[in-house]
Amino acid sequence: MTGVSISEVAPRDGLQSIGAFVPTETKIAMVRALHAAGLRRMEVGSFVSPKHVPQMADTAAVLAAAKTLPGLECCVLVPNRRGFDLALQHGAHRLGLFMSATEQHNLANLNMTREASFDALTAIIRDTPRDVAIRFNLSCVFHCPFEGVVPEAAIQPLVERIVAIDPRMEIALCDTTGNAAPDQVARVMRAAIVVGGPRFAYHGHDTYGMGVANVAAAYEAGVRVIDSAAGGLGGCPFAPGATGNVATEDVAWMFARMGVATGIDYPALLVAADYCAGVPGGTPGGRMRGVPAARRLAA
Ligand code: ZN
């Protein structure tokens, strides 16, 4: 496989930490613009408790609209059994499960130990129908807001256990705080692929300006599924200091420049990125929207 698949996360990771509720029509417009730009994988929402994350209360409506777009694989985050039932009921194509690589972040974010999370997710995976895909997201793989830089030796056993749950499952190693370094990303992803084969995805944030460099390192290590958010939207209420996801327009530009196929229509992506960056309350990031030569492509 020479190309790379970009999984767009602006409608979920990009919006979850925005203070004010983003109207459902705005979210659907984002999804449509991103699909028009050629993105064919998208994290469209999260079946979390609307009490805890009011931002995602309209996930069923956004998912329904996204499912009408041809060729789009729609992923929703599933934090627990209740979310699992809702995701299946509403026909999500892929379930996004998540837990943290570090104990302190797991306790802060999910209010349970990593062992408890692992057991609960394993049970959900066992009960998932064969025609529904799974993405297992492991957060804070490289750095934790509570524990600091994560020792690489601590990650490998965890990856081995996750790999063993299900041979078909995609696994994302996530730089939740954006504090990873490219050499660390390369080593950790390479070691994971040795154990679990070419089924790993990389999810990174751009907090320290290392977003694109880390994506390049993951690609060089053999990763072929990359998460990013148009307009560099994003953040995490449970990871203090985490700002936006690495911008889709920056990642797509890099891959185009490297001659790696993404299926993306770049001028259309800039239009979508402008729209995402303009969502009221968001904190947009990324470089390419501000580069005049790129702007001329979208004009
Ligand atoms: Zn994220």
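Residues numbered from 1 in each chain as written. Predicted model: local features only at pLDDT ≥ 70, side-chain atom pairs only at ≥ 80, totals over all residues. Heavy atoms only, no water.

Visitor: Explain the coordination of the zinc ion to me, please; I cannot follow it from the model alone.
Guide: Octahedral metals with six donors have ideal donor angles of 90 or 180 degrees. Tetrahedral metals with four donors have an ideal donor angle of 109.5 degrees. Protein ligation of the zinc ion involves Asp13 (OD), His203 (NE2) and His205 (NE2), the donor distances falling in the range 2.1 Å. Each donor residue of the zinc ion lies on the same chain, and together they follow the pattern D-x189-H-x1-H. One end of the pair, Asp13, is in the loop between β1 (5–8) and α1 (24–36); the other, His205, is in the loop between β9 (200–204) and α8 (211–220), with 192 residues separating them in the sequence. The class for Asp13 is buried, based on a relative accessible area of 6%. We classify His205 as buried; its relative accessible area is 2%. (Donors = N, O, S within 2.8 Å, 3.2 Å for Na, K, Ca; no water. Helix = DSSP H or I, 4+ residues; strand = E, 2+ residues; numbered from the N terminus. Buried < 20%, exposed > 50% of the residue type's maximum accessible area, 1.4 Å probe, protein only.)

Visitor: Looking at this structure, how should I read the nonpolar core?
Guide: Nonpolar side chains in soluble globular proteins generally cluster together in the buried interior. In this structure, Leu173, Met189, Tyr202 and Phe255 are the most contacted members of the largest nonpolar core, which totals 94 residues. If sequence neighbours within four positions are ignored, Met189 has contacts with Phe142, Leu173, Phe200, Ala201, Tyr202, Ala218, Ala221 and Val223. (Core = buried A, V, L, I, M, F, W, Y, C linked by side-chain atoms within 4.5 Å. Contact = heavy atoms within 4.5 Å.)

Visitor: Sorry, what's going on with the pairing of strand β4 (residues 94–100) here?
Guide: Within a regular strand, side chains alternate between the sheet's two faces. Burial analysis of β4 places seven of its seven residues in the buried class, the great majority of the element. Burial along β4 is two-sided: Arg94, Gly96, Phe98 and Ser100 facing one way and Leu95, Leu97 and Met99 facing the other are all buried. With three bridges connecting them, strand β3 (residues 73–77) and β4 associate as parallel partners. From the neighbouring strand, Val76 faces β4, where its bridge partner is Leu95. Crossover handedness for the path β3 to helix α3 (residues 81–89) to β4: right-handed. Summarising the sheet, β4 and strand β5 (residues 133–139) pair through seven bridges and their orientation is parallel. Within β5, the position partnered with Leu97 by the bridge is Phe136. (Pairing = 2+ DSSP bridges. Right-handed = clockwise from strand over helix to strand, strands pointing away.)

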